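# Per-entry structural report
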Amino acid sequence: MEKKKLEDQIKESEMKKKQLCNVDLSIVKPEPCSVDGSYADIRFSITMGGKNLLLYLISQKRDLHSMSDEVFRALRMSVYPAKLVLDAMQDFYLILENKEFEADVVCKSSNLLLEQLRRFSTQIQPCLRKAAMELAHEWENKMKSSGEVTVFLNLLASYGLGSSFDPEEFLNLFEVIHQHVKISNLCQLLGYPDKISK
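Quick summary incoming for the structure in this document. Here the residue index of a chain counts from 1 through its sequence in written order. Owing to the predicted nature of the model, reporting of local features is limited to residues with pLDDT of at least 70; listing and counting of side-chain atom pairs is limited to 80 or more, with chain, interface and lining totals taken over all residues. Excluded from the side-chain calculations are hydrogens and water; all other atoms, namely the structure's heavy atoms, are used.

### Here we look at the overall build of the chain
The number of helices and strands found in the chain is 10 helices and two strands. Note on conventions: DSSP H or I runs of at least 4 residues are helices, E runs of at least 2 residues are strands, and numbering of each starts at the N terminus. Start at the N end of the chain and walk to the C end: the helices and strands fall as α-β-β-α-α-α-α-α-α-α-α-α. Buried, partly exposed and exposed residues are distinguished by accessible area as a fraction of the type maximum, computed with a 1.4 Å probe on protein chains only: under 20%, between the cut-offs, and over 50%, respectively. The 198 residues of the chain split such that 45% are buried. Surface exposure here means Shrake-Rupley accessible area, sampled with a 1.4 Å probe, where a residue is shielded only by the protein chains that are shown. Of the roughly 11,600 Å² of accessible surface on the chain, 50% is carried by carbon and sulfur atoms.

### Here's the deal with helix H4 (residues 81–90)
In terms of residue burial, H4 counts as a mostly covered element, since nine of its 10 residues are buried. Along H4, the residues classified as buried are Pro81, Ala82, Lys83, Leu84, Val85, Leu86, Asp87, Ala88 and Met89. It only takes one pair of heavy atoms within 4.5 Å for two residues to be counted as in contact. Taken together, the buried residues of H4 touch helix H2 (50–59), helix H3 (68–77), helix H5 (92–96), helix H6 (103–117), helix H7 (126–139) and helix H8 (146–158).

### Observations regarding the side chain of Ser109
On the secondary structure map, Ser109 appears in helix H6. When its relative accessible area of 0% is taken as the criterion, Ser109 is described as buried.

### Topic: the nonpolar core
By size, the foremost hydrophobic cluster in this structure holds 48 residues, and its most contacted members are Leu57, Leu75, Met89, Leu113, Trp139, Leu155 and Tyr159. Of all elements in the fold, only H2, H3, H4, H5, H6, H7 and H8 reach the threshold of two or more residues within this core. Among buried residues, the Ala, Val, Leu, Ile, Met, Phe, Trp, Tyr and Cys ones that are joined through side-chain atoms within 4.5 Å form a nonpolar core.

### Notes on the pattern of salt bridges
By definition here, a salt bridge exists when the distance from a side-chain nitrogen of Lys or Arg to a carboxyl oxygen of Asp or Glu is within 4 Å. If you walk through the whole model with that rule in mind, you get four salt bridges. Between Asp104 and Lys108 there is a salt bridge, with the nearest N and O atoms lying 3.2 Å from each other. Remark: Lys108 and Asp104 occur in helix H6; sequence separation between them is four residues, near one turn of the helix.

### Observations regarding the packing of aromatic side chains
Pairing of aromatic rings covers Phe, Tyr and Trp, the last counted by its six-membered ring, and requires centre-to-centre distances within 6.5 Å; plane angles under 30 degrees mean stacked, over 60 mean edge-to-face, and any other angle means tilted. On inspection of all chains with the given rule, the structure shows three aromatic pairs. With a centroid separation of 4.9 Å and an interplanar angle of 80°, the aromatic rings of Phe92 and Tyr93 are classed as edge-to-face. Judged by relative accessible area, Tyr93 falls into the buried class, the value being 5%. Ring geometry for Tyr93 and Trp139: centres 5.7 Å apart, planes at 75°, overall edge-to-face. With a gap of 46 residues between them, Tyr93 in helix H5 and Trp139 in helix H7 connect regions that are remote in the sequence. Each of the two residues, Tyr93 as well as Trp139, counts as buried. Each residue in the set Phe92, Tyr93 and Trp139 is aromatic and connected to the rest through ring pairs, giving one cluster.

### Side note on the environment of Leu135
With respect to the helices and strands, Leu135 occurs in helix H7. Since its relative accessible area comes to 2%, Leu135 is described here as buried. Considering only alpha carbons, one finds Leu135 and Phe152, 17 residues apart in sequence, at a separation of 9.5 Å. Not counting chain neighbours up to four residues away, the residues in contact with Leu135 comprise Leu86, Met89, Gln90 and Leu155.

### Overview of the packing of H2 against H4
Lines fitted to C-alpha atoms define the axes here, with helix axes fitted over just the stretch in contact, and angles between the N-to-C directions of these axes take values from 0 to 180 degrees. With their axes 7 Å apart at the nearest point, H2 and H4 run at an angle of 70° to one another. Relative to H4, H2 is oriented roughly perpendicular. Where H2 crosses over H4, the handedness of that crossing is right-handed. Contacts between H2 and H4 involve Gly50, Lys51, Leu53 and Leu54 from the former and Leu84, Asp87 and Ala88 from the latter. By residue class, the composition of the contact of H2 with H4 is four nonpolar, one polar and two charged. Convention used here: angles under 35 degrees read as roughly parallel, angles over 145 as roughly antiparallel, angles from 65 to 115 as roughly perpendicular, and any remaining angle as oblique. Throughout, a crossing is termed right-handed when the near helix is turned clockwise from the far one, and left-handed when it is turned anticlockwise from it by less than a right angle. Side-chain classes follow a simple rule in which Ala, Val, Leu, Ile, Met, Phe, Trp, Tyr, Cys and Pro form the nonpolar group, Asp, Glu, Lys and Arg form the charged group, and the remainder, Gly included, forms the polar group.

Keep in mind these numbers describe shape, not what the thing actually does.
Here you go:
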């Protein structure tokens, strides 16, 4: 009986993993909460995914520097925070190439999401790592600015993909932005020591 109970628990766990990988939309959508005409908090409803969260952060460009804890709390409210953030990153270049948005703000908002995701200690599901890997490969030849490189490295760090990429492939980008402190820290986090110090 104990063996059967254990087998049932394993089956249930496997089913939950499959369900996670088959989720099309993340569970949390940000909505601005207006208090006396000012937008300060993120409220959530179960309707939309990560793209709306990224667009909301972009719209809050003046407050981005102070929103780390708020974004972290927002991600904690999501059933699948890694899926939510990955959904947001799927639209990164689409939003970045839209002249309506400032490129620097798009990059800062994306980095904020990825950095706050890294504060979680939960393991990234294999299906999400695979999707993040495919996305990173798509980005490899698109990066032009230090902001884009930072988002790329944050994506690798947040989804545990550092060992899957040879830093020599984009060493020229590191050299262009060798004094960028965040990129230096990310390279160390990813196991690329001294790649941008030369």
